[in-house]
Amino acid sequence: MQNESNLASTELQHGSDTLDVIIVGGGSAGAVLASRLSEQVNRHVLLLEAGHSPEPYNYPRIISNSDVLGANLNPEFEWGYKTKTGYIDHEIGAIRGKILGGSSAVNGAVAIRSRPEDFKRWNLPGWSYEDLLPSFKKLETRHGGDDAIHGRSGPLPVVQLTQADITPMQDAFVKATIANGYKAIDDFDGADANGVGPYPMNIVNGVRVNTGIAYLTEDIRNRKNLTIRAESMVDRVLFNGKKAVGVRLVSGEEIYAKEVILSAGTYGSAAILLRSGVGPSDQSNKLGIPVVADLPVGLNLMDHPFYYNAYAAKPDRIGDQSPVIGAKLWTNSSSAAPGELDLHITATHLFPHEMSPTKVGFVLAVALTRPISRGRIWIESKDPLQTPKIDLNFLAADQDKARLLEGIKLARKIGQTAPLSDLIDSEIAPAVDSDEAILASVRSTLDTYHHPVASAPMGQLSDPNAVVDLEAKVHGVTGLRVVDASIFPDVPSVATNITVIATAEHIANLYTNA
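Residues numbered from 1 in each chain as written. Predicted model: local features only at pLDDT ≥ 70, side-chain atom pairs only at ≥ 80, totals over all residues. Heavy atoms only, no water.

**Remarks on the packing of helix 2 (residues 30-37) against helix 14 (residues 497-512)**
Working note: a packed helix pair is described by the angle between its axes plus the distance between those axes. Look at helix 2 against helix 14: their axes get within 9 Å of each other, and the N-to-C directions meet at 30 degrees. Regarding the angle of helix 2 to helix 14, the classification is roughly parallel. Relative to helix 14, helix 2 is oriented so that their crossing is right-handed. Here Val32, Leu33, Arg36 and Leu37 of helix 2 lie close against helix 14, whose contacting residues are Ile501, Ala504, Glu505, Ala508 and Tyr511. Here the residues of the contact of helix 2 with helix 14 are counted per class, giving 7 nonpolar, no polar and 2 charged. (Axes fitted to C-alpha atoms, helices over the stretch in contact; angles between N-to-C directions. Helix = DSSP H or I, 4+ residues; strand = E, 2+ residues; numbered from the N terminus. Parallel < 35°, antiparallel > 145°, perpendicular 65-115°, else oblique. Left-handed = near helix turned anticlockwise from the far one by under 90°. Contact = heavy atoms within 4.5 Å. Nonpolar A, V, L, I, M, F, W, Y, C, P; charged D, E, K, R; others polar.)

**Focus on the sheet that holds strand 14 (residues 254-256)**
Ordered by their spatial adjacency, 3 strands build an open sheet running 12-13-14, and the pairing between neighbours is antiparallel. Sheet topology places strand 12 (234-240) and strand 14 at the edges, where each strand pairs with a single neighbour. For this sheet the average axis-to-axis angle between neighbouring strands, irrespective of direction, equals 30 degrees. Sheet topology places strand 13 (residues 243-249) next to strand 14; 3 bridges connect them, and they run antiparallel. Across the sheet, residue Gly246 finds its bridge partner in strand 14, namely Tyr256. (Pairing = 2+ DSSP bridges.)

**Quick notes on the UniProt feature "binding site: FAD" (unreviewed entry) in the protein**
According to UniProt, the positions carrying the feature "binding site: FAD" (unreviewed entry) are Asn107, Gly108, Ala109, Val110 and Val234. Their sequence span is 128 residues, while the largest C-alpha to C-alpha distance among them is 29.1 Å; these annotated residues do not converge on one region. Setting aside chain neighbours within four positions, we find Gly108 in contact with Leu69, Met201 and Ile325. Mapped onto the elements, Val110 comes out in the loop between strand 4 (93-94) and helix 4 (116-122). Since its relative accessible area comes to 11%, Val110 is described here as buried. Those residues in contact with Val110, other than ones at most four positions away along the chain, are Tyr199, Pro200, Met201, Asn202, Ile325, Ala495 and Ile498. (UniProt positions renumbered as here; feature names shortened; annotations may be inferred. Buried < 20%, exposed > 50% of the residue type's maximum accessible area, 1.4 Å probe, protein only.)

Here is the structure:
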């Protein structure tokens, strides 16, 4: 793999025609962009990653093991962000990966696309499901499914789990859900996803295949026009007037290029923009940061609230517990818009077993996948080592409370249905029946699904919420793009990773066709 010595230091530090693009962040979007943009041999690309850069297929076990999520909160591989309290009366850990591959290296490895209805809500020219379908197909090597909608030769392996692949508890969950009148789904990317079934996963032989593995293979890392610098955290973007000309690292080093692309994630990219004077002018002025562009960075944050309907299991009945994530119900609440799937219930073994009186348990994790409450992210210091402030503002809207409550009641109904009920010793949470008591449990235990979006939304210049245009270029400046989940104008109704990868493929294609 190349390192910084492959480019002369004068070229990196003082700017020349050699370095065309700096990509900040090697995660779900940045690794894709580094791979695709360096396909053009005369385009010199520098990828800056704040975390480590293991060789492909030599990732540490805490990262590669698909049954370990969030790197067990190891600060070597995870940023350690925390959210502010509000209606939810406790801090929530906002897990983000800090390693080449980013959050795709620490997530649940669920490989499902956003729905056509999700893109219809975006209502952006060039960003319909049909517009994104070539990118969805290009990114994957899908095992199973319909050739019309799935790719067979992309970098990311996607394996559709079957009933035989999931655990006894997850199999019982699927059967109990079907017994409650829901359909069996064999492809959640298909036309009808309202039902229950095993997940498609980007997991091979127990290894979570992150974008650092899939898109940055050994051959790609050895390209002469691609340099990857690990452990290189960016402080801010450098500007000459309104033109982005490079970046300043936390170390103080300045690196110049013709274009800068921020792919540091919904939290990371927003924080860099804010430190660079691209954001609400009142925030910049308060911190003494020169205003480059007065834009609503961080003001429209969204994420999926996630509640754990927890059970103590019968030790002699629970059986194997790997994969820890294996099956879900995706459906609509009674107040969902037509075609909208706003509830997930995931059968998972991600449970601290010491909390169970039987010393083993599981959860039916209930997510509201179409929340309307919006939060915000901001900074209170110019110091890049100070983490940004995050307020997810979960359940601020009464409609969100009502729909999540409906999802919890549905999960409990499934838990009381055979064959799943045969595995259960007792319910641990909420273990109460009134709406008020259930919501009290929600307030004290709610988590995030870890799908933050919309800190730098995409939209037309006339849109007061927009930070970037339809090509991911930051409004009001030149030479700067943002490409990651932060540019989604609204939260999709499913895990975001595959849509982030497709978004990066879609933007990279603009360079090819330029």
